[in-house]
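Letter by letter, the chains look like this.
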Amino acid sequence: NQRLGRENGFLTRQFESQEDDRALLVKQLVSVKEENSALRSEVDEKEAQAKARGDALPPLLAPAPAPMEEKKAPDADTTFKEATRKLKKLLEVEKRHLAEVTEAHEKWKASRTPLELALRDAVAVEAESVATRLGGKARTSAAPGAPLDSATLAGFDADDRARAIERWL
């Protein structure tokens, strides 16, 4: 009876450990999917801007594969192992897609012309002054090269745009 009690305690701890591992994998999968989705939308936006300018760019991303059909397993252990395997596979696919999107974004950033970079810098400096005037922050984070806050850019008026262009020239 004591042996069975110890074995039951061991199996219970093992099951809880596997549940914790599964929960961690699910959280990682969700965060990678969210980041991947944000980068995909950014790439789509950049492709749309390029098309609007008349640039001919090949599509940067292949469509994501459709999710696989799930089969019912005869017992809980097999079901758990199968779910873990599928989640790991999905996580790897999402990581690969994230790497592709990140690489495409880096290529796009590297292809900017010096004029684009100078204009971006001029707008950033003017955004800082507008943010200071409005009592807010111009950037979404303190990291160098962080994107400008959309509320700050929305606060630009004709005079602010003129000052940014003067600074650029």
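As a starting point, this report considers the structure included with it. Here the structure is a predicted model, which is why all the values come from computation and not from measurement.

Focus: the packing of helix α1 (residues 2–53) against helix α2 (residues 76–110)
Two numbers describe how α1 lies on α2: the axes approach to 8 Å, and their chain directions differ by 30°. In terms of orientation, α1 lies roughly parallel with respect to α2. Every pair of crossing elements has a handedness; the one defined by α1 and α2 is left-handed. Of the residues belonging to the contact of α1 with α2, the class tally is 13 nonpolar, seven polar and 10 charged.

Focus: a nonpolar patch on the surface
There is a patch of nonpolar side chains on the surface, built from L115, L119, I165, W168 and L169 and spanning about 510 Å² of accessible area. Counting only elements with at least two residues in the nonpolar patch, the list comes to α3 (114–134) and α5 (158–168). Structurally, L115 can be placed in helix α3.

Some words on the environment of D157
Here D157 is to be found in the loop between α4 (150–154) and α5. Each C-alpha atom of the pair D157 and V130 lies 9.7 Å from the other, and the pair is 27 residues apart in sequence.

Thoughts on the nonpolar core
Among the nonpolar cores identified, the biggest contains five residues, and these are L25, L29, V32, L87 and L91. Those elements giving two or more residues to this core turn out to be α1 and α2. It is α1 that contributes the most residues to this core, three residues altogether. Once residues within four sequence positions are removed from consideration, L29 is found in contact with L87, L90, L91 and E94.

A short note on the environment of H105
Structurally, the position occupied by H105 is in helix α2. Along the primary structure H105 and K46 are separated by 59 residues, whereas in three dimensions their C-alpha atoms are 9.0 Å apart.

A word on the pattern of salt bridges
This structure, assessed with the given rule, holds five salt bridges. Residue R85 is joined to E82 by a salt bridge in which the shortest nitrogen-to-oxygen separation is 2.4 Å. Note that R85 and E82 are positioned in helix α2 at a spacing of three residues, about one turn of the helix. By relative accessible area, which is 40% here, R85 ends up partly exposed. For K107, the salt bridge is made with E103, and the minimal N-O distance between the two is 3.4 Å. Of this pair, K107 and E103 both sit in helix α2, four residues apart, roughly one helical turn.

What counts and how
Residues numbered from 1 in each chain as written. Predicted model: local features only at pLDDT ≥ 70, side-chain atom pairs only at ≥ 80, totals over all residues. Heavy atoms only, no water. Axes fitted to C-alpha atoms, helices over the stretch in contact; angles between N-to-C directions. Helix = DSSP H or I, 4+ residues; strand = E, 2+ residues; numbered from the N terminus. Parallel < 35°, antiparallel > 145°, perpendicular 65-115°, else oblique. Left-handed = near helix turned anticlockwise from the far one by under 90°. Nonpolar A, V, L, I, M, F, W, Y, C, P; charged D, E, K, R; others polar. Patch = residues over 30% accessible without salt bridge, like charges linked within 9 Å, V, L, I, M, F, W, Y side chains within 5 Å. Areas by Shrake-Rupley, 256 points an atom, 1.4 Å probe, with all protein chains shown as cover. Salt bridge = Lys/Arg side-chain N within 4 Å of Asp/Glu carboxyl O. Core = buried A, V, L, I, M, F, W, Y, C linked by side-chain atoms within 4.5 Å. Buried < 20%, exposed > 50% of the residue type's maximum accessible area, 1.4 Å probe, protein only. Contact = heavy atoms within 4.5 Å.

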